[in-house]
Amino acid sequence: MTKFLYWNTNRKPLTSAIATLVRAHEVDILILSEYASSPASMLQALNSGARADFQFAFDLCERIRIFTRFSSSFIRATYDDDRVSVRHLTLPAQRQVLIVAVHLPSKRFWSEDSQAFECTELSRTVIEQEEKVGHRNTVLVGDLNMNPFEKGLVSANGLNAVSSRQVASRGSRHVLSRQYPFFFNPMWAHFGDRRGHPPGSYYYDRAELVNHYWNVFEQVMVRPDVMERCDGEEIKILTTPGDVSLLRNDGTPNSKDFSDHLPLLFEIGLKEEF
Amino acid sequence: MAQPIPDLWPEIEQSQVVPPVAILREQAALLGKKTNYLLEGRVVTRTNSGRFFHSFYIVAPALDGYEYKLFDISHDERLYPVQINVASLNSEQEFMEHIRDILNSDKTKSVVSSLLAQVKATS
């Protein structure tokens, strides 16, 4: 299995905490957004142990940084913009995968409608890149700044991301004679109190009538073509790098010392049977 | 015998205003010439709800068609004003000055030079 870790570090100096998480969970692909330090300092921390095999993958999206435990030549950039970075992962004898790393605009600055329209643009970009590489083994990951139930994620011309593997396995749906490919979004299962799990990945409390408090903004979603290779039980919103907690005593993210977002760990089986 | 139906249209004059997309396409073509076609510009146009949306990409053919989206603009059927991020540009002149600023920004220069270095390193 190939292990992925995504974390919006909110421009905090968290290099040491990130490296601890990577080592503890034997992460293969590290994806960061809002990483404040230089890629060189991250590499130094990642490669300071016995194994020095992490590389920084070339990109032009400064909001998103990607580090890999293998040659960066296996994770070629196909597309970047200010908030999206698309990579084609082509490891030897393994299933090729298109990785779409995103950090979409915050609700503090964008209306829900604008966020939804941005998902339409993102969906179009993903489909164009899938056509370019010739497959739909696509994994989309990042801080979407939207919950899985919001319009941009569930609408057909948005990301069309559904909560059910069975529905997603239909491949696509038609609306007014137009075809829209599905994503399966396993993050629906990460709302609410469950033993040993935080009730979301991002906490926000404000004095207004509708308040979700806990949100699941950090998400991974997969196309049906790789759905069976993504075990929902292995998707974890992390709360501890080593012995330190990322949470305050009240259970909310300790945004003073760490990020206001919690990291997301997941794995995808890429091995091909011959 | 019925009378022939007359032409009710006025003389149709072409607008002298240069459309924003024409300005973008010209800049896209110039990028190829300036980089010996190691990099190319591409403009993609879409329409939605009466608005025209144009996206400007830098493409590196030698990097398997890698694309970097530099900016998006939109306008309605009147061509101007053009919306770009939070700016509203009311004339062809204002629009060209804004595009000049984007193309001459440190960010764009950094993207172009990084891509050129990457292309040369892989060839």
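Owing to the predicted nature of the structure, the values given are computational and were not obtained by experimental measurement.

Rules of the game
Residues numbered from 1 in each chain as written. Chains lettered and ligands numbered in written order. Predicted model: local features only at pLDDT ≥ 70, side-chain atom pairs only at ≥ 80, totals over all residues. Helix = DSSP H or I, 4+ residues; strand = E, 2+ residues; numbered from the N terminus. Rg over C-alpha atoms; globule rule 2.2 N^0.38 Å. Buried ≥ 20, exposed ≤ 12 C-beta atoms within 10 Å, placed from the backbone. Core = buried A, V, L, I, M, F, W, Y, C linked by C-beta atoms within 7 Å. Contact = placed C-beta atoms within 7 Å. Nonpolar A, V, L, I, M, F, W, Y, C, P; charged D, E, K, R; others polar. Expected span 1.5 Å × (residues − 1). Arc of directions from axis to C-beta. Pairing = 2+ DSSP bridges. Axes fitted to C-alpha atoms, helices over the stretch in contact; angles between N-to-C directions.

What to know about the overall build of chain B
Counting its regular elements, chain B contains 3 helices and 5 strands. Its helices and strands taken in sequence order, chain B reads α-β-β-β-β-β-α-α from the N to the C terminus. Computed over C-alpha atoms, the radius of gyration of chain B comes to 19 Å, more than 25% over the 14 Å expected from 2.2 N^0.38 for 123 residues, which places it beyond the range of a compact globule. With 123 residues in all, chain B has 19% of them scored as buried.

Notes on the nonpolar core
Generally speaking, soluble globular proteins have nonpolar side chains that are buried together. Ranked by size, the top nonpolar core spans 86 residues in total, and within it Phe 4, Ile 18, Ile 31, Val 100, Val 139 and Phe 183 of chain A carry the most contacts. Counting residues per element, this core draws most heavily on strand E7 (residues 97-103) of chain A, at 6 residues. Setting aside residues no more than four positions away along its own chain, Phe 4 of chain A makes contact with Val 27, Ile 29, Ile 31, Val 141, Phe 266, Glu 267 and Ile 268 of chain A. Residues Val 82, Ile 84, Phe 95 and Ile 99 of chain B belong to the second largest nonpolar core, which totals 6 residues.

Here we look at the interface of chain B and chain A
The interface of chain B with chain A comprises 9 residues on the first partner and 9 residues on the second. Counting residues per element, the side of chain B that touches chain A draws most heavily on strand E3 (residues 66-75) of chain B, at 4 residues. Class assignment for the residues of the side of chain B that touches chain A results in 3 nonpolar, 3 polar and 3 charged.

Considerations on helix H3 (residues 112-133) of chain A
Residues and elements named next belong to chain A. Counted at 1.5 Å a residue, the expected span for H3 with its 22 residues is 32 Å, and the 32 Å between its end C-alpha atoms agrees. Taken residue by residue, H3 has Gln 115, Ala 116, Glu 118, Cys 119, Leu 122, Ser 123, Val 126, Gln 129 and Glu 130 as its buried positions. Here the buried residues of H3 occupy an arc of 155° about the axis, which is enough to place them on one side. Of the exposed residues in H3, the ones pointing more than 90 degrees away from its buried face are Asp 113, Ser 114 and Glu 131. At its buried positions, H3 is contacted by strand E5 (75-80), strand E6 (84-89), E7, strand E8 (138-143) and helix H4 (151-154). Following H3 by one or two positions, Gly 134 has its phi on the positive side, about 85°.

Brief notes about the pairing of strand E15 (residues 218-222) of chain A
In summary, the side chains of a regular strand alternate between the two faces of the sheet. Residue and element names in this part refer to chain A. With respect to burial, E15 is a largely interior element, 5 of its 5 residues being buried. Residues Glu 218, Val 220 and Val 222 point to one face of E15 and Gln 219 and Met 221 to the other, with burial holding for every one of them. Sheet topology note: the E8/E15 ladder contains 5 bridges and is antiparallel. Within the sheet, the bridge partner assigned to Val 141 lies in E15 and is Val 220.

Looking at helix H2 (residues 39-46) of chain A
Because an α-helix packs 3.6 residues into every turn, residues spaced three or four apart end up facing the same way. All names here are of chain A. When H2 is considered as a whole, its buried residues turn out to be Met 42, Ala 45 and Leu 46. Buried residues in H2, looked at end-on, bunch into an arc of 95°, giving them a common side. Looking at the packing, one finds that the buried side of H2 touches helix H1 (15-25) and strand E4 (64-68).

Overview of the sheet that holds strand E1 (residues 2-8) of chain A
Strands pair in a sheet through their backbones, by hydrogen bonds, and they do so in one of two ways: parallel or antiparallel. Residues and elements named next belong to chain A. Strands sit in the order E3-E4-E2-E1-E17-E16 across an open sheet of 6 strands; the sheet is mixed. Each having just a single partner strand, strand E3 (55-56) and strand E16 (236-237) make up the two edges of the open sheet. Sheet analysis places E3 next to E4, joined by 2 bridges and oriented antiparallel. Note on E4: the bridge partner recorded for Gln 55 is Thr 68. Of the strands in this sheet, E1, strand E2 (29-33) and strand E17 (264-268) are in contact with H1, which crosses E1 at around 160°.

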